[in-house]
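Examination of the molecular architecture
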Amino acid sequence: MRTVVLTMKASVIEMFLVLLVTGVHSNKETSKKIKRPKFTVPQINCDVKAGKIINPEFIVKCPAGCQDPKFHVYGTDVYASYSSVCGAAVHSGVLDNSGGKILVRKVAGLSGYKGSYSNGVQSLSLPRWRESFIVLESKPKKGVTYPSALTYSSSKSPAAQAGETTKAYQRPPIPATTAQPVTLMQLLAVTVAVATPTILPRPSPSAASTTSIRRPEPVGHRSQEMDCKIDLSFLIDGSTSIGKRRFRIQKQLLAGVAQALDIGPAGPLMGVVQYGDNPATHFNLKTHMNSRDLKTAIEKITQRGGLSNVGRAISFVTKNFFSKANGNRSSAPNVVVVMVDGWPTDKVEEASRLARESGINIFFITVEGAAENEKQYVVEPNFANKAVCRTNGFYSFHVQSWFGLHKTLQPLVKRVCDTDRLACSKTCLNSADIGFVIDGSSSVGTGNFRTVLQFVTNLTKEFEISDTDTRVGAVQYTYEQRLEFGFDQYSSKPDILNAIKRVGYWSGGTSTGAAINFALEQLFKKSKPNKRKLMILITDGRSYDDVRIPAMAAHLKGVITYAIGVAWAAQEELEVIATHPARDHSFFVDEFDNLYQYVPRIIQNICTEFNSQPRN
């Protein structure tokens, strides 16, 4: 019996050794066949933006035809990551329109990007962007490994359209003929497993129902029919004068708003800034993504004390709060609700004006305002009206007592969610400085000049005019130039329209190039940094001087130029003056009386171009 057992053990050991040797030999054979994978350059389409690609440095192949103006490019030499990668490559001169391989390297964002016309591509200006990139010739660095498959920021990557392989999880392949080294214990375990098959229990219907995924119910009580996608900042009063009890009442209102809004990524987001001597952010827009967590965070806020420097707090929010890093979304209106106990201890007018110009809708809730004998201490009388988005009552709440503050909850939620009435949000009609450059030469004549002024009036009527919305200026030119009125001279639509009517016909020659330079110096040099600069030039003849260099200067300074020619105007000059593409920015009419027909098309083109710009 003992001899039989020893014989069985010897057989098992012998079988194990055979398998072991076979596995090692097979592994050696396999390793001989493995070759280092060859680097393949991923291909992308013309419309792929650099910001969609996560890789910090990569080589790609661009197709032909990326010179097309529909593939937008922002900047010169250094490009905003919102730009088309291949369009930027053509603009920079690294590629021509036939396509090819390029090296792309991500760099830090800039505070401003200048547009320019280069290699058949018109790049656009951009105030600021979070990330930039540069384009180089596709010469790989030694020792640097470039990805054969790009990683995209979204699951639906554009690479699939270009036939590129993207990174995704794949199940490891099941070994087929390749034998692996096996231990004795693994061999015995496999033998047992084959001899004793595992029988899995069939799940019961009740078990299936209990494990099914349920969609979470909304935390708040906001009506599901209410479309309320806003980015909201509450500026709460933490000054010493408010006291602990009233500070607690203030937090209760915030918690009620958080509950009512039903906070979430697809709806409203909310952050809180407390001010006293200086403002401080408690949490930004992306810190808490549901009402429950937000309410818990609000409860933990403690009072800071100090003065009531509201103006400083509004400036802080304008510069720091509504950024991509803090969760700001380009598709959501920016709203600030300012709560004030009594009155501010600094001025708010200038800070609020800059906030409105940045597209921020300011609401004010003032509680227990100054009594008659206290008004002498108010730093800035009528401060709320100087701060809010509009003085029509929609943006202001005045509460007589802190104990009545809860009554503002529902009307406040309703108003901040009424996005159609958030008038300070940036649109194509309220965010430009428009300079009209009007030909007053002898060939125009008095009657036709009045027709031109009516055309200017019709265009102006389409815009929202104020010192914080669209502003309008005008220059008339012959051989000489005259500033009829500047951007800061009139701040209401009736005043602007009256000023246009009062423009007198000059008569003389036609020096269009000099007029463009004059407009850049006298009008657009005084334009505000956050305004889109639009020049609308109307002429009826060929210029006596060169227009190319002045037009190029306007384009380099980010002035979007529309050229409207009448009668004897030279088409080639109009196309040189106009921003690229000329077909969208230059127009010709045979008679002055037909100018009015182009008003809708010009407005449409202005708005189409505005809506194509990224809103960071």
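Residues numbered from 1 in each chain as written. Predicted model: local features only at pLDDT ≥ 70, side-chain atom pairs only at ≥ 80, totals over all residues. Heavy atoms only, no water.

Spelled out, the test is: UniProt positions are given in the numbering used here, feature names are shortened, and annotations may be inferred rather than shown by experiment.
An unreviewed UniProt entry lists the protein under the name Vitrin, with Macaca mulatta given as the organism. What the UniProt record of the protein gives under Function (unreviewed entry) is the line "Promotes matrix assembly and cell adhesiveness. Plays a role in spinal cord formation by regulating the proliferation and differentiation of neural stem cells." Here is the UniProt Subcellular location (unreviewed entry) comment for the protein, exactly as written: "Secreted, Extracellular space, Extracellular matrix".

**What about the overall build of the protein?**
Convention followed: Strands are runs of DSSP state E lasting at least 2 residues, helices are runs of H or I lasting at least 4, and numbering of each runs from the N terminus. Each residue gets one of three labels from its accessible area relative to the maximum for its type: buried under 20%, exposed over 50%, partly exposed in between, using a 1.4 Å probe on protein chains only. Should any heavy atoms of two residues lie within 4.5 Å, those residues are considered in contact. Exposure was quantified through the Shrake-Rupley algorithm and a 1.4 Å probe, taking into account, for residues, occlusion by the shown protein chains and nothing else.
Scanning the protein for helices and strands turns up 17 helices and 19 strands. Expressed as a percentage of its 616 residues, the buried residues of the protein come to 47%. Long-range contacts, defined as pairs at least 24 residues apart, comprise 77% of the intrachain contacts of the protein with a sequence gap of at least 6. Carbon and sulfur atoms make up 54% of the accessible area of the protein, which amounts to about 31,900 Å² in all.

**Comments concerning the packing of helix H7 (residues 310-321) against helix H8 (residues 349-357)**
Relative placement of two packed helices is described by the angle separating their axes and the distance separating the axes. The condition that has to hold: For helices, the axis comes from a line fit to the C-alpha atoms of the stretch in contact; other axes are also lines fit to C-alpha atoms, and the angle between any two N-to-C directions lies between 0 and 180 degrees. Each angle receives one of four descriptions, namely roughly parallel if under 35 degrees, roughly antiparallel if over 145, roughly perpendicular if within 65 to 115, and oblique otherwise. Put simply, a crossing is left-handed when the front helix is turned counterclockwise from the back one by less than a right angle, and right-handed when it is turned clockwise. Three residue categories are used. Nonpolar comprises Ala, Val, Leu, Ile, Met, Phe, Trp, Tyr, Cys and Pro, charged comprises Asp, Glu, Lys and Arg, and polar comprises the others, including Gly.
It is the contact of H7 with H8, at a shortest axis distance of 8 Å, that shows an interaxial angle of 20 degrees. Judged by the angle between their axes, H7 and H8 are roughly parallel. Crossing geometry of H7 relative to H8 is assigned as left-handed. Where H7 abuts H8, its residues Gly 311, Ile 314, Ser 315 and Thr 318 lie against Ala 351, Ser 352, Leu 354 and Ala 355. Split into classes, the residues belonging to the contact of H7 with H8 amount to four nonpolar, four polar and no charged.

**Overview of the pairing of strand E11 (residues 334-341)**
Stated formally: Should DSSP find at least two bridges between two strands, the strands are taken to pair. We call a crossover right-handed when, viewed with both strands directed away from the observer, the connection leading from the first strand over the helix to the second proceeds clockwise.
With eight of its eight residues buried, E11 lies for the most part within the structure. Across five bridges, the pairing between strand E8 (residues 231-237) and E11 is parallel. Each residue of the ladder has a partner; that of Leu 232, found in E11, is Val 335. Bridging between E11 and strand E12 (residues 360-367) involves eight bridges; their strand directions are parallel. When the bridges of E12 are listed, Met 339 appears paired with Ile 365. Each parallel crossover has a hand, and for E11 linked through H8 to E12 it is right-handed.

**Remarks on the side chain of Thr 510**
Looking at the secondary structure, you find Thr 510 in the loop between helix H12 (493-501) and helix H13 (512-522). In contact with Thr 510, not counting residues within four places along its chain, are Asp 439, Ser 441, Tyr 477, Thr 478, Tyr 479, Thr 539, Gly 541, Arg 542, Ser 543, Tyr 544 and Asp 545.

**Some details on the state of the cysteines**
Formally: Sulfur atoms of two cysteines make up a disulfide when they are within 2.5 Å.
Enumeration according to the criterion identifies five disulfides in this entry. A disulfide bridge connects Cys 62 with Cys 86, and the sulfur atoms are separated by 2.1 Å. With the S-S bond torsion at -85 degrees, the cross-link from Cys 62 to Cys 86 turns out left-handed. Taken together, the positions of Cys 62 in strand E1 (residues 57-62) and Cys 86 in helix H2 (residues 85-92) put the pair 24 residues apart, joining distant regions of the chain. Residue class for Cys 62 comes out buried when judged on its relative accessible area of 4%. A residue is classified by how much of its surface remains accessible, and Cys 86, at 1% relative accessible area, is buried. Put simply, Cys 228 and Cys 417 are joined by a disulfide, and their sulfur atoms are 1.9 Å apart. On the sign convention where negative means left-handed, the S-S torsion of about -70 degrees between Cys 228 and Cys 417 marks this disulfide as left-handed.

**Concerning the sheet that holds strand E19 (residues 586-589)**
Strand order in the open sheet formed by six strands is E16-E15-E14-E17-E18-E19, and the pairing between neighbours is mixed. If you trace the sheet from one side to the other, it starts and ends with strand E16 (481-485) and E19, each paired once. Each strand axis lies, on average, 20 degrees off the axis of its neighbour in the sheet, ignoring direction. Bridge analysis of strand E14 (residues 432-439) against strand E15 (residues 471-477) gives seven bridges, and the strand direction is parallel. Directly across from Phe 436, in E15, lies its bridge partner Ala 474.

**A few points about the pairing of strand E13 (residues 396-399)**
For a regular strand, side chains alternate in direction, first toward one face of the sheet and then toward the other. By the alternation rule, side chains of E13 split into Phe 397 and Val 399, which are all buried, and Ser 396 and His 398, of which none is buried. Two elements, E12 and E13, share four bridges in a ladder whose sense is parallel. Paired with Ile 365 across the two strands is Phe 397, which belongs to E13.

**Some words on the pattern of salt bridges**
Which entries qualify depends on this criterion: For salt bridges, the criterion is a side-chain nitrogen of Lys or Arg within 4 Å of an Asp or Glu carboxyl oxygen.
Across all of its chains, the model carries 13 salt bridges by this definition. Glu 137 serves as the salt-bridge partner of Lys 139, at 3.8 Å between the closest nitrogen and oxygen. Across the pair Arg 329 and Asp 231 runs a salt bridge whose closest N-O atoms are separated by 2.7 Å. Here the residue Arg 329 occupies a position in the loop between H7 and E11, and Asp 231 occupies one in strand E8, the gap between them amounting to 98 residues. Asp 231 carries the same exposure label as Arg 329, and that label is buried. Linked through salt bridges whose partners overlap, the residues forming this network are Arg 246, Asp 341 and Glu 368.

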